[in-house]
Amino acid sequence: MYYNLMFILFCITASCTMKEKADLVIINGKVLTIDKDNPISEAIAVRGETITAVGTTEEISRMVDDRLTKIIDAGGRLVIPGFNDAHVHFGPLDPDYIELRYTTDPSLITQKVKARVARSKPGELIKGGHWEHEMFNDRKWPSKELIDKVSPDNPVVLSRADGHSVLVNSYVLRMSGITKDTGDPFGGEIQKDPVTGEPTGILKESAENLVKTGAVKTERTPAEEAERTWQGYLLALKEAREFGVTSIQIPGSADFSAYERLRDEGLLTSRIDIGRSLTDDSSRLKEYLALGKKYPREGNWIRFGYLKAFIDGTIGSGTALMFEPFNDNPATSGLAMMPYEEFEKMVVAADKYGFQIGVHSIGDKGNNWTLNAFEKAIEVNGRRDSRHRDEHAQTLLLSDIPRFAQLGVIASMQPTHCISDKKFCEKRIGAERSGGAYAWKSLLDAGASLAFGTDYQVEPLNPMEGLYAAVTRKDRLGEEGEGWFPGEKLSMEEALRYYTLGPAYAQFMEARKGILKKGYLADIVITDKDLLTIPEDQIMKTKVDYTIAGGKVVYSSGR
Ligand SMILES: [Zn+2]
């Protein structure tokens, strides 16, 4: 009897431990869980797509089966939830585009153009960009000489990171008829060599419109075109996993079937939400309902997102809808994309069907309208857990800040916009109104839910830039002082929370994604530097060493 009981106990214990064996463990980490009940830990166990335990290295090591378990020794590195980009214009990249972001050695530009020319026919246009001469070792503007010798028979156009200047080769200057005698167009500059007076190949602002490439059109069959698009998706996903972005929320439309094919072929390495445009047309709203059934909220990989609308334009172009005129152009206070009544009707109609709605809102009046329409929807249809989204929430009346929490509206913000725009923001809207601009800390203090993203490809996809912007409010080169409106800075821990759990909440997934906790989806990132302790000039230099999506290692740097 006694032996029988021992035997039964042994079986129970054995099967129990067998069940707990992990497919993957991460040990010896500094695990920032974003889980307020267990903020810092050491190790994580994963089985299938799910986290099965978070604990000490000793506890988690007990779940290792020598034959089955993959072990990642984090060696003290920071372990965080996968990044979730709440606003990203994601899609297939151009496989032939020459990516020059983060180039420090200009001679690399020569090499890359040379390699691309070798794969092209004479006359085919060669495009690339995102170079930033302030990052070059010599901090000098590049010139046509850098590319001329490797591209005698092809037009080459390489745009600067901000898109406000291009570098072209002599072939393009010739095709465009730009010589030393060509004057600057209004609002633009043809950069000239101070000694010879010859154009250097740099064309700024409106001078970009002078570009004629005389490009020979690349002939492709529909099958070649489709293959190119497919390769473009693969490139985009590669970029996402290298940056640790395991979740992507696309504002507006995208092609569900492409992501289905990627998933079916085992190539989808980021989870995707796709929406549609806001409408009050009931037949279209019914189509959306069907799409929502096909890609339900309960899914984890491809889901129907929210309905997107635009209420105004941008501060940069002077089209943000403001209550008062722009300081630098008193003739205008921006543009509404539609009359308020029409907008409100659409919001109330779509809300009635139970959709989540996200509205691009930049100016203080644009944001005010968006909040008013969401308020009206509650009034007409009753309050529910709608989590409507104010996309950008860029310039706010101070009196509108508490309304986000009151109405349950999510502030979906992109911290890099702040550091890109601050150079002209104050000039355009003045210091007083700038006090309500990119005001993530004030929103947080007023109880709002934040969700961070990038607005890629307007800004780079790299979340490190957003983290840097959120905690410093300084330009990318790092400036003296405390940053722009330093009262709005966040701590790094807060910034990480709104890049992980915040966006998960915005997509109704906070109960299964965005924190490192038992039962949650195993989307995990390990970084090469400790974001919580490094000086601010190291944040944008931080790289991802591992990206784990749904329990699978989808990227590792080899470090
Ligand atoms: Zn956008």
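Draft legend 1. The arrangement of the pairing of strand β10 (residues 126–131) in detail. Buried residues dominate β10, accounting for five of its six residues. Where strand β9 (residues 98–99) and β10 come together, two bridges link them in parallel fashion. Within β10, the position partnered with I98 by the bridge is G128. Once the chain exits β9 it traverses helix α3 (residues 107–118) before rejoining the sheet at β10, and the crossover so formed is right-handed. Bridge count between β10 and strand β11 (residues 156–160): five bridges; the pairing is parallel. If you follow W131 over to β11, its bridge partner there is R160.

Draft legend 2. How the structure looks around the side chain of D455. Positionally, D455 belongs in the loop between β21 (449–452) and α14 (463–472). Of the side chains with opposite charge, K308 comes closest to the buried, unpaired D455, at an N-O distance of 6.7 Å. For D455, the side chain forms a polar contact with the side chain of H417, separated by 2.8 Å. In contact with D455, not counting residues within four places along its chain, are H87, H89, H392, Q414 and H417.

Draft legend 3. Quick peek at the nonpolar core. Counting residues in each nonpolar core, the largest one holds 117 residues, and the members touching the most others are F90, Y259 and L467. Apart from residues lying up to four places away in sequence, F90 is in contact with A236, L237, A240, I248, I250, Y259, I272, Y456 and L461. Core analysis: the next-biggest nonpolar cluster, separate from the first, contains 15 residues, I98, L146, V150 and L167 among them.

Draft legend 4. Region of the structure containing helix α6 (residues 222–242). Between the first and last C-alpha of α6 there are 30 Å, a value that for 21 residues agrees with the 30 Å anticipated at 1.5 Å per step. If you check which residues of α6 are buried, you get R228, W230, G232, Y233, A236, L237, E239, A240 and R241. Tucked inside the fold, the buried residues of α6 contact β15 (245–250), α7 (256–264), β23 (544–549) and β24 (552–556).

Draft legend 5. Main features of the coordination of the zinc ion. Coordination of the zinc ion by the protein involves H87 (NE2), H89 (NE2) and D455 (OD), with metal-donor separations of 2.1 to 2.2 Å. When the donor residues of the zinc ion are listed from N- to C-terminus, their spacing reads H-x1-H-x365-D. Residue H87 is found in the loop between β8 (83–85) and β9, and its partner D455 is found in the loop between β21 and α14; the two are separated by 368 residues along the sequence. For H87, a relative accessible area of 0% translates into the label buried.

Draft legend 6. Representation of the sheet that holds strand β14 (residues 199–205) within the structure. If you trace the six strands from one edge of the open sheet to the other, you get β9-β10-β11-β12-β14-β13, paired in mixed fashion. One side of each edge strand has no neighbouring strand; the edge strands of this open sheet are β9 and β13 (188–192). Sheet topology places β11 next to strand β12 (residues 165–168); three bridges connect them, and they run antiparallel. Bridge pairing in β12 links V157 to V168.

Draft legend 7. Summary view of the sheet that holds strand β18 (residues 357–360). Judged by pairing direction, the sheet is parallel, and its eight strands sit side by side in the order β8-β15-β16-β17-β18-β19-β20-β21 without closing on themselves. Strand pairing shows two members of the sheet lacking a second neighbour, β8 and β21, which therefore form its edges. The sheet shows a mean angle of 25 degrees between the axes of neighbouring strands, direction not considered. Examined bridge by bridge, β15 and strand β16 (residues 271–277) share four bridges and lie parallel to one another. Paired with Q249 across the bridge in β16 is D273.

Draft legend 8. Broad picture of helix α9 (residues 340–352). When the terminal C-alpha atoms of α9 are compared, their 18 Å separation across 13 residues agrees well with the 18 Å that a helix rising 1.5 Å per residue should span. Inspection of α9 places Y340, F343, M346, V347, V348, A350 and D351 among the buried residues, and these make up the whole buried set. Here the buried face of α9 lies against α8 (282–294), β17 (302–310), β18 and α10 (364–381). Looking one or two residues beyond α9, the residue adopting positive phi is G354, at roughly 90 degrees.

Draft legend 9. Spotlight on the pattern of salt bridges. In this structure the tally under the stated criterion is 38 salt bridges. Of the charged contacts, one joins D65 and R67 as a salt bridge, the two residues approaching to 3.2 Å between their closest N and O atoms. The buried category is assigned to D65, whose relative accessible area is 6%. Here E459 ties to R476 by a salt bridge, and the two come within 2.8 Å at their closest N and O atoms. Here R476 lies in the loop between α14 and α15 (492–497) and E459 lies in the loop between β21 and α14, a separation of 17 residues in the sequence. Among the residues examined, R476 registers a relative accessible area of 30% and is labelled partly exposed.

Draft legend 10. Region of the structure containing the pairing of β14. Within β14, six of the seven residues are buried, leaving the element largely enclosed by the surrounding structure. The pairing of β12 with β14 spans three bridges and is classified as antiparallel. Following the sheet pairing, V166 is matched in β14 by L203. Examined bridge by bridge, β13 and β14 share four bridges and lie antiparallel to one another. Following the sheet pairing, I190 is matched in β14 by L203. Between β13 and the antiparallel strand that follows it, β14, lie six residues; G197 among them carries a positive phi value of about 80 degrees.

Draft legend 11. Inspection of a nonpolar patch on the surface at higher detail. A contiguous nonpolar surface patch, about 290 Å² in accessible area, is contributed by F310, L335 and M337. Here M337 is to be found in the loop between β17 and α9.

Draft legend 12. Summary view of unusual backbone geometry. Look at the link from Y456 to Q457: it is a cis peptide, with omega at 5 degrees. Here the phi dihedral of R387 falls at roughly 50 degrees; this positive angle occurs in a residue that is not glycine. Looking at the secondary structure, you find R387 in the loop between α10 and β19 (389–391).

Rules of the game
Residues numbered from 1 in each chain as written. Predicted model: local features only at pLDDT ≥ 70, side-chain atom pairs only at ≥ 80, totals over all residues. Heavy atoms only, no water. Buried < 20%, exposed > 50% of the residue type's maximum accessible area, 1.4 Å probe, protein only. Helix = DSSP H or I, 4+ residues; strand = E, 2+ residues; numbered from the N terminus. Pairing = 2+ DSSP bridges. Right-handed = clockwise from strand over helix to strand, strands pointing away. Lys, Arg positive; Asp, Glu negative; His and termini not counted. Salt bridge = Lys/Arg side-chain N within 4 Å of Asp/Glu carboxyl O. Polar contact = N/O pair within 3.5 Å; in protein donor to acceptor, adjacent residues only side chain to side chain. Contact = heavy atoms within 4.5 Å. Core = buried A, V, L, I, M, F, W, Y, C linked by side-chain atoms within 4.5 Å. Expected span 1.5 Å × (residues − 1). Donors = N, O, S within 2.8 Å, 3.2 Å for Na, K, Ca; no water. Axes fitted to C-alpha atoms, helices over the stretch in contact; angles between N-to-C directions. Patch = residues over 30% accessible without salt bridge, like charges linked within 9 Å, V, L, I, M, F, W, Y side chains within 5 Å. Areas by Shrake-Rupley, 256 points an atom, 1.4 Å probe, with all protein chains shown as cover.

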